[in-house]
Amino acid sequence: MTDPTLAPAPAHPAATAADATVGTPPAGVAYPKTIKSFVRRAGRTTTGQAKAFEDLGPRFVLPYTAAPLDADAAFGRSAPLVLEIGFGMGEATAHIARVRPNDNFLCCEVHEPGVGALLKRIGEQGLTNIRILQHDAVEVIDHMLAPACLDGIHIFFPDPWHKKKHNKRRLIQAPLVAKLAARLKPGGYLHCATDWQPYAEQMLQVLGAEPLLANTAQGFAPQPEYRPLTKFENRGLRLGHGVWDVVFVRRH
Ligand SMILES: C[S@@+](CC[C@H](N)C(=O)[O-])C[C@H]1O[C@@H](n2cnc3c(N)ncnc32)[C@H](O)[C@@H]1O
């Protein structure tokens, strides 16, 4: 029987010419039709997060719609646009938005308490340059982001999906990276970080094989100064774990 997850994805108005060619895997490799990179985790939304949803959700959470996003309208200003995929509890996101007030940050996360936590930080820190999409980033990329609309992309500590049989759920694989590259402006950057070495190596390999992208470093990159050390990362470093940053730019 044919595996339904290997069927070709339907075309969409926001799809690019590059998208049409990314579904061709190397011999012997089957890319899934779409990546299911997350599981819906249980988790309690605290009273503070619920209040932040109520007070700030209408201004900062955008509805998901299968139509290209008008970012200038969504942010109420025109500024460089950075997409973040999977912000977790939003600690790094809020920090970066604070130290880069001249950029707009479009941030995707599916975990509801995480969205509440970032809204709470937005309120506490008076941030105005973040908009949240509580939706699968893969669908956001496919349906809401036009070609060459992004100045940057952040993917920090994506779920590593350690087990071999789950590796196909990793975000950083050739078809999605080709779509991301197509949505970057020439000169725009893609910054990934991970504490799982095999995934770090996969990032280097997959990004290195994408014709639209060029590495900014020889191999792994020094940690860019805007990316803070989060609580999670500090704990890992104390335990002797490594962290790898990978930064590529879209060729002109
Ligand atoms: C391991 S956590 C890392 C969170 C954060 N970036 C950090 O550094 O602490 C990965 C996060 O990505 C989110 N995620 C995974 N796949 C996603 C997708 N396709 N769209 C939106 N969020 C996603 C998960 O819900 C999870 O919160």
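The notes below deal with the structure included here.

Scoring rules and cut-offs
Residues numbered from 1 in each chain as written. Predicted model: local features only at pLDDT ≥ 70, side-chain atom pairs only at ≥ 80, totals over all residues. Axes fitted to C-alpha atoms, helices over the stretch in contact; angles between N-to-C directions. Helix = DSSP H or I, 4+ residues; strand = E, 2+ residues; numbered from the N terminus. Left-handed = near helix turned anticlockwise from the far one by under 90°. Contact = placed C-beta atoms within 7 Å. Parallel < 35°, antiparallel > 145°, perpendicular 65-115°, else oblique. Nonpolar A, V, L, I, M, F, W, Y, C, P; charged D, E, K, R; others polar. Near = placed C-beta within 6 Å. Buried ≥ 20, exposed ≤ 12 C-beta atoms within 10 Å, placed from the backbone.

### Re the packing of helix α4 (residues 91-99) against helix α5 (residues 112-125)
Here comes step 1: Between α4 and α5, the shortest axis-to-axis distance is 9 Å and the interhelical angle comes to 35°. Crossing angle aside, the handedness with which α4 passes α5 is right-handed. Between α4, through Thr 93, Ala 94 and Arg 98, and α5, the contact on the second element is made entirely by Leu 118, Arg 121, Ile 122 and Gln 125.

### Looking at the packing of helix α2 (residues 47-60) against α5
Here comes step 1: As a packed pair, α2 and α5 sit with axes 8 Å apart at the nearest point and diverge in direction by 75°. Classified by the angle between their axes, α2 and α5 sit roughly perpendicular to one another. For the pair α2 and α5, contact is made by Gly 48, Gln 49, Ala 50, Ala 52, Phe 53, Asp 55, Leu 56, Gly 57 and Phe 60 and by Pro 113, Gly 116, Ala 117, Leu 119, Lys 120, Ile 122 and Gly 123, respectively.
Here comes step 2: Grouping the amino acids of the contact of α2 with α5 by side-chain chemistry returns nine nonpolar, five polar and two charged.

### A closer look at the environment of Asp 55
Here comes step 1: When you line up the elements, Asp 55 lands in helix α2.
Here comes step 2: As a C-alpha pair, Asp 55 and Gly 123 span 68 residues in sequence and 9.0 Å in three-dimensional space.

### With respect to the site of the ligand
Here comes step 1: Taken together, the neighbourhood of the ligand is formed by 21 residues, with Phe 38, Gly 86, Gly 88, Ala 137 and Phe 157 sitting nearest.
Here comes step 2: Partitioned by chemical class, the residues of the shell around the ligand number 12 nonpolar, six polar and three charged.

### Description of unusual backbone geometry
Excluding glycine, residues mostly have negative phi values, and the peptide bonds linking residues are mostly trans.
Here comes step 1: In this structure, Ala 148 is a non-glycine residue whose phi angle is positive, near 55°.
Here comes step 2: What makes Ala 148 partly exposed here is the crowd of 14 C-beta atoms within 10 Å.

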